[in-house]
Amino acid sequence: DPMMEIAALKAGASGMIYKPFDASLLRTRVVQALKKDLPQETKAAVEHVCKILLIEIDLANIVKLLGVLENKSNDLIITSSSMVTADMIKTGHFNLVLIGGSCQLETVQQLCSMITENDSVVPLVFVGSKPPDSNKVALLEAGVDDVIDINDSYRLIRARLQKQLE
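Residues numbered from 1 in each chain as written. Predicted model: local features only at pLDDT ≥ 70, side-chain atom pairs only at ≥ 80, totals over all residues. Heavy atoms only, no water.

1. Description of the environment of His93
Quick note on the threshold: A helix here means a DSSP run of H or I that spans at least four residues, while a strand means a run of E at least two residues long, and both kinds are numbered starting from the N terminus. Think of it in three bands: with a 1.4 Å probe and only protein chains considered, a residue is buried below 20% of the maximum accessible area for its type, exposed above 50%, and partly exposed in between.
Inspection of the secondary structure puts His93 in the loop between helix H5 (86–92) and strand E3 (96–100). For His93, a relative accessible area of 63% puts it in the exposed group. Through-space distance from the C-alpha of His93 to that of Ile52 is 9.1 Å; in sequence the pair is 41 residues apart.

2. A word on the packing of helix H6 (residues 105–117) against helix H7 (residues 133–142)
The cut-off we apply is this: For helices, the fitted axis covers only the stretch in contact; all axes are lines through C-alpha atoms, and the angles between them, taken along N-to-C directions, range from 0 to 180 degrees. Any angle between 65 and 115 degrees counts as roughly perpendicular, while under 35 counts as roughly parallel, over 145 as roughly antiparallel, and the rest as oblique. A crossing counts as left-handed when the near helix is turned anticlockwise from the far one by less than a right angle, and as right-handed when that turn is clockwise. For this analysis, residues touch if any pair of their heavy atoms sits within 4.5 Å. Under the scheme applied, nonpolar residues are Ala, Val, Leu, Ile, Met, Phe, Trp, Tyr, Cys and Pro; charged residues are Asp, Glu, Lys and Arg; polar residues are all the others, including Gly.
Following both chains from N to C, one finds H6 and H7 inclined at 20 degrees, their axes separated by 9 Å at the closest point. By the angle between their axes, H6 is roughly parallel relative to H7. Relative to H7, the crossing made by H6 is right-handed. Of the residues in H7, those touching H6 at Leu105, Val108, Gln109 and Cys112 are Ala138, Leu139 and Ala142. When the residues that make up the contact of H6 with H7 are grouped by side-chain class, the tally is six nonpolar, one polar and no charged.

3. Focus: the environment of Asp75
In this structure, Asp75 sits in strand E2 (residues 73–79). Overall, the relative accessible area of 40% leaves Asp75 in the partly exposed class. Taking C-alpha positions, Asp75 is 8.4 Å from Leu53, a pair spaced 22 residues apart along the chain.

4. With respect to the pairing of strand E4 (residues 124–128)
What counts is decided by this rule: Should DSSP find at least two bridges between two strands, the strands are regarded as paired. Note on handedness: a clockwise path from strand one over the helix to strand two, with the strands aimed away from the viewer, defines a right-handed crossover.
Taken across its five residues, E4 has five buried, putting it largely inside the fold. Judged by which residues are buried, E4 turns out to be covered on both faces: Leu124, Phe126 and Gly128 on one side and Val125 and Val127 on the other are all buried. Looking at chain direction, E4 and strand E5 (residues 146–149) are connected through four bridges and run parallel. The residue bridging Gly128 from the neighbouring strand is Asp149, located in E5. Handedness of the crossover joining E4 and E5 through H7: right-handed.

5. A closer look at the nonpolar core
How we decide: The criterion is simple. A nonpolar core is a set of buried Ala, Val, Leu, Ile, Met, Phe, Trp, Tyr and Cys residues joined through side-chain atoms within 4.5 Å.
Counting residues in hydrophobic clusters, the biggest one holds 19 residues, and the most contacted among them are Ile55, Val97, Ile99, Val108, Leu124, Phe126 and Val144. Taken together, the elements giving at least two residues each to this core come down to strand E1 (48–55), E3, H6 and E4. Ranked by the residues each element gives to this core, the list is headed by H6, at five residues. If near-sequence neighbours (up to four positions away) are discounted, Ile99 is found in contact with Ile55, Val108, Leu111, Leu124, Val125, Phe126 and Val127. The next biggest cluster of nonpolar side chains, apart from the first, holds 18 residues, and it includes Ile62, Leu65, Leu76 and Val127.

6. Digging into the side chain of Asp149
We apply this condition: When charges are counted, neither His nor the chain ends are considered; positive counts come from Lys and Arg and negative counts from Asp and Glu. Just to be clear on terms, a salt bridge is a Lys or Arg side-chain nitrogen sitting within 4 Å of an Asp or Glu carboxyl oxygen. Polar contact criterion, stated in full: a pair of N or O atoms within 3.5 Å, where within protein one must be able to donate a hydrogen and the other to accept it, and residues adjacent in sequence count only if both atoms are side-chain atoms.
Tracing the backbone shows Asp149 in strand E5. Buried charge without a salt bridge: Asp149, with Lys130 as the nearest opposite-charge side chain at an N-O distance of 5.7 Å. From its side chain, Asp149 meets the backbone nitrogen of Lys130 in a polar contact 3.2 Å long. Non-local contacts of Asp149, meaning those with residues more than four positions away in its chain, are made with Gly128, Ser129, Lys130 and Ile157.

These values are about where atoms sit, not about what they do.
Written out as structure tokens, the structure reads:
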């Protein structure tokens, strides 16, 4: 209903999303809304750093990672693992690929294969909630460069991600 949308926008809404909606569209709109609310001086002070592909469907993890990355102005593309294609990896020119904890080990292995098949040297980092040691070993064996616990402090996560970008 256009009248409802006009009323919502006048009331301060950033935009409208109608059902049924695509989860990727929802995540992108959430990111846009979060970025929109940054103070102007913060936006002006931030420099462009890198292009990051975030493969995650859990909104809580996305919001946490946005908090971790808040000090830098990154080109952040958020998608689900089912939407990642070899062409996206090949032509994306990413500086970092973050794989969220909602991805299964088999999916991570497929993503690692896809990246190595495309002769890409982009760092892959798995960010999940308290992965057990056996999963950490399996992830590292699959080709992930680092395994990070999303419950660690922002400062520690930021430092480990920055190390991958060097």
